[in-house]
Amino acid sequence: MKIGFIGTGVMGNAICLNLLKAGHELWVYNRTKAKTDNLVTQGATWCVNPKTVVEAADAIFTMVGFPRDVEQVYFGENGILTANVKDKIIVDMTTSKPALAQKIYTEGEKLGAQVLDAPVSGGDLGAKNGTLTIMVGGDKAAFTALQTVFSAIGSLAQYFGPAGAGQNTKMANQIMIAGTMTGMTEMLVYAQKAGLDLPAVVKTVGGGSAANWSLSNYAPRILKGDYTPGFFSKHFLKDLRIALATAEEMDIKLPATEKAKELYETLVDEKGLGDLGTQGLIKLWWQ
Ligand code: NAP
């Protein structure tokens, strides 16, 4: 399939390598051009802006950082929706606002495009290994048409309903991660203060009913002093803010998620450590 990909950072770049490996033709654009160099070496074609990507490809994927980046890529100068998108499939994989996914769907549909929101879970390793979980909302026929693409980059792609349903599922995912990240962090702080053997604690706790992805993937990075992203803390804070704002619209309170947001606000906004991976939360206790 002729695929366009906009946003080749930690996640997008690894996904693109898997698309090339699966034999898809690829056109790429990223704000910082150097982050596409390895893909061009592997056979992808560089485009000067999102509009040019749309002109070359049949299915166009975006995976940028924040909702404001999504707005720019879709609605900005030379953005996706300034191109002729008739009969194209457009997929936003950024973790973004459900309401923005609905806006892109509505505007894209008016122009004859099929639109999906398809955020992912599985982290940098899932992107590298092609084992992402993909949560999809929007046009069901487009979801069906993209099965071979999804299977090249993930182990599970699940359709949840109309536009925004993928983003809402991802928000549910992030609400769960808020608990596992804060739990894993406080568990290590406590175990260290109690004088326990931390690698042994991580192994033992991870073998019982407290086992979870944050523990098995991020605790070992913390014990090695590795705070590289992974998943940027600034992006996780963005997700917690979207989840809580959407929950407020639904008239529900999520006090534990609210507390996680406050902790990440301290890390990102007060301490300026938003470029650390989410495991950097432990720096609120450990120097
Ligand atoms: P990232 O490394 O910052 O990648 C985002 C990329 O988008 C960057 O290369 C950035 O370019 C590019 N970009 C931003 N605005 C752009 C624009 N207007 N035009 C063109 N390119 C633009 O972040 P990431 O870790 O790949 O995460 C991407 C998204 O996936 C985020 O929404 C994140 O929450 C979500 N996510 C991440 C993970 C994870 O584990 N990393 C897992 C699931 C979901 P520059 O290089 O110029 O900044």
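What counts and how
Residues numbered from 1 in each chain as written. Predicted model: local features only at pLDDT ≥ 70, side-chain atom pairs only at ≥ 80, totals over all residues. Heavy atoms only, no water. Buried < 20%, exposed > 50% of the residue type's maximum accessible area, 1.4 Å probe, protein only. Helix = DSSP H or I, 4+ residues; strand = E, 2+ residues; numbered from the N terminus. Pairing = 2+ DSSP bridges. Right-handed = clockwise from strand over helix to strand, strands pointing away. Salt bridge = Lys/Arg side-chain N within 4 Å of Asp/Glu carboxyl O.

Draft legend 1. Structural context of the pairing of strand 2 (residues 25–29). Most of strand 2 is tucked away, with four of its five residues classed as buried. Relative to strand 2, strand 1 (residues 2–6) runs parallel, the two sharing five bridges. Of the residues in strand 2, the one forming a bridge with Ile 3 is Leu 26. Between the parallel pair strand 1 and strand 2, the chain is carried across by helix 1 (residues 10–21), and the sense of this crossover is right-handed. Relative to strand 3 (residues 45–46), strand 2 is paired through two bridges, and the arrangement is parallel. Bridging from a neighbouring strand, Val 28 pairs with Trp 46 of strand 3.

Draft legend 2. Structural context of the pairing of strand 4 (residues 59–62). Side-chain alternation along strand 4 places Ala 59 and Phe 61 on one buried face and Ile 60 and Thr 62 on a second face that is also buried. Where strand 1 and strand 4 come together, four bridges link them in parallel fashion. Within strand 4, the residue paired with Ile 3 across the bridge is Ala 59. As defined by bridge partners, strand 4 adjoins strand 5 (residues 89–92) across four bridges and the pair is classed as parallel. For Ile 60, the partnering residue across the bridge sits in strand 5 and is Ile 90.

Draft legend 3. Structural view of the pattern of salt bridges. Applying the stated rule across the entire model yields 12 salt bridges. Asp 269 serves as the salt-bridge partner of Arg 241, at 2.8 Å between the closest nitrogen and oxygen. With Arg 241 in helix 12 (residues 233–249) and Asp 269 in helix 13 (residues 255–270), this pair connects stretches of sequence that are 28 residues apart. Taking the relative accessible area as the measure of exposure, Asp 269 reaches 48% and is therefore partly exposed. It is possible to trace a salt-bridge network through shared partners that takes in Arg 241, Glu 258, Lys 261, Glu 265 and Asp 269.

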